[in-house]
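Chain and residue survey
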Amino acid sequence: MYLDYPVIGLCMVRADDERNFILIEALSKKIHAAGARLMIYQSTTNMYWQYKPEGGERMVYNLVDYSYVDLMIVFSEIINDDDLIDSIIANAKAHNKPVFTIGKARPGCTNFDFLYVDGIERAIRHVVDVHGCRELCFVAGPEGEPTSEARIKKYKETVTELELTNSKDRIYYGGYWSEPAKVAAADILKLKQLPEAIICANDMMAITIADIFREKGIHVPQDVIITGLDNTIEARANVPSITTSGCDMDEMADMIVMAFQKTQRGEELSDEYLCHFSLVEGQSCGCRESMDSMPLSTYLKYNITKQNEKLYVEQSFHAIYEKILGSPDIRQLPEILDSMHFNSMEIMVNEDCFRRNINPLSEGYRTGFDKRQRVIYQSGRDISELPVTIRLSDLSPDFDRLIRQERPLVLSPLSFFSRAVGYLVYAPEVTNQNYHMVMPYTNSLSEIIGSYIMVRHLEFNAEQMDRMARHDYLTDLYNRTGFYSRLPQFFRSTDAPYYAVTTVDMDGLKLVNDRYGHETGDLAIRYISRAVASVGDENSICGRFGGDEFMICTALERKEDADIISRKIHGYLSEHRANTSLPCEVTASIGTIIMEKGFDFDEAMKLSDAQMYKEKSGKKNRRPE
């Protein structure tokens, strides 16, 4: 319960699907009328066909907060991943929350199911009792698929009961889709005599077979009756309109809300509640009254509007994609989205997505949501206030207001390369058009944000590779290549009359290596490099040119300032010796030459080398103590 509202969660896929939306619409009305609130956790990936989304898509179901969700409904019929269904149920049970399933029953859950086979029987009895058909055949879904086999079983039972012996074994497989249905239609056409009626296990197959027959000059229903199942909008708008059957989603929603209220009162529930199918007569069986049919012009207008809306969103998001990737700055996104006037939408993105040094494709990188989310867009909010950061547990920066309004909250995952990058909270008015846009919104935003992350990481990798190519691995100073690459820019950025070119060479590196080992020698080199770097500021560049040789180029306003360079280096070596683990004293020989602007660096370097060797030769060649 949240703000005194009982909260019902619904885990599903494809809230934009027409049939799923009809159930959401019915549930929303009934749940809100009962004073409760509906939260929908949905993946945009259609899992009907054995596709099981990895990490990112699955993570949306982890957003359920059982501290206030009172009931979990799992639309198990459309989630084709039994492990995922079981994990959602187990999580709810672990929090002592009741679970309702829709479609696939699970132990310990109250199941609500659609009597699809009831629809098959009603179609058979209609064509036999009303239209006098005695020769039938059945077009099922995929062979061996449980739902399809259940419909075949009901077909056989019904025709056997009606003593239609010749029809019992006339089974064809249309796969629930148009292409395999075309194959089934071709097989039926090979029969010496067409059946009087073709009972199809869904509307799409019925529409496809009717189209194939029309092309062959076979008239429906004059030559053959065809029926479907599911009562889709396409069946009602088809010419001829398809006789079909469908369940009453209002009845299903009533049963669910009634059962929920019983749980609230502590009353016992039945193990199963069944929603019956009703026949919807159409023109494909010869009934003159086409109940609940839709004029073709209305259907065309409906679909054209949907497609235009989808095309607009896709084109708009493509433009956003190009703009953001052209100059990678996610801060542009709120302003661009604001101009598109999105209705009640919030976009949350993982905090890690803004860290360029994280490889989003690495094995060890998390697939779930960060505990902190960055809100990069919120409908109706001043974009100057964005982005803001919220806790994942808060779910939305405006959650209290959203839960008060009588609209479901739709939570959709933003994912890229199977990684969760964030999530979308969408709470529009419950219309088919609004829910139709959930998928393009979610998928386009996933692509934009995921690609932005990849571009930023590629930029970081390129910078790192460039740095590795131009910097010395041991000291992190410029190497010779990096030094020479930086030199022209250095000269352009300074406007000094004089320049000091300084060569620094460690004293006795070979002796240190021989006596203490190369690891100590490397420590000594790093120590010299820090002394050299102590000279550096915006007026200097420093580099390591060889094993123990360093170069410095310094812009000077006065020639006298050149003496500061050697004093700083010698001072650093003497002052910081006690803070190192070096077992010996480390010193360096230094040579500096002063040049005027426009000098030749290579010539100056030769002169500074000579000065350095002059200082080195004046020292005692002694072993380090």
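Here, every reference points to the structure presented above.
Residues numbered from 1 in each chain as written. Predicted model: local features only at pLDDT ≥ 70, side-chain atom pairs only at ≥ 80, totals over all residues. Heavy atoms only, no water.

Let us look at the overall build of the chain. Within the chain one finds 19 helices and 21 strands. By residue count, 53% of the 625 residues in the chain fall in the buried class. Sequence separation of 24 or more characterises 72% of the internal contacts of the chain that already satisfy a separation of 6 or more. Accessible area of the chain: about 29,200 Å², with a carbon and sulfur share of 48%. (Helix = DSSP H or I, 4+ residues; strand = E, 2+ residues; numbered from the N terminus. Buried < 20%, exposed > 50% of the residue type's maximum accessible area, 1.4 Å probe, protein only. Contact = heavy atoms within 4.5 Å. Areas by Shrake-Rupley, 256 points an atom, 1.4 Å probe, with all protein chains shown as cover.)

Okay, the pairing of strand 3 (residues 69–74) next. Burial within strand 3 is extensive, with six of its six residues counted as buried. Examined bridge by bridge, strand 1 (residues 7–13) and strand 3 share five bridges and lie parallel to one another. Each residue of the ladder has a partner; that of Ile8, found in strand 3, is Leu71. With three bridges joining them, strand 3 and strand 4 (residues 99–102) adopt parallel strand pairing. Looking at strand 4, one finds that Ile73 is bridged to Phe100. Remark: the strand 3/helix 3 (residues 82–94)/strand 4 crossover connection has right-handed handedness. (Pairing = 2+ DSSP bridges. Right-handed = clockwise from strand over helix to strand, strands pointing away.)

A few words on the nonpolar core. If you look at the biggest cluster of nonpolar residues, it comprises 147 residues, and the most contacted ones within it are Met39, Phe114, Leu136, Ile198, Phe213 and Ile347. Ignoring sequence-local partners within four residues, the contact set of Met39 consists of Val7, Ile8, Gly9, Leu10, Tyr68, Leu395, Phe399, Ile403, Leu409 and Leu411. By size, the runner-up hydrophobic cluster in this structure holds 28 residues, among which are Phe550, Ile569, Tyr572 and Val586. (Core = buried A, V, L, I, M, F, W, Y, C linked by side-chain atoms within 4.5 Å.)

Moving on, we get to the state of the cysteines. Counted according to the given criterion, the structure contains zero disulfides. Here Cys137 stays unpaired: no disulfide links it, and the sulfur of Cys200, its closest cysteine neighbor, is 7.5 Å away. (Disulfide = S-S within 2.5 Å.)

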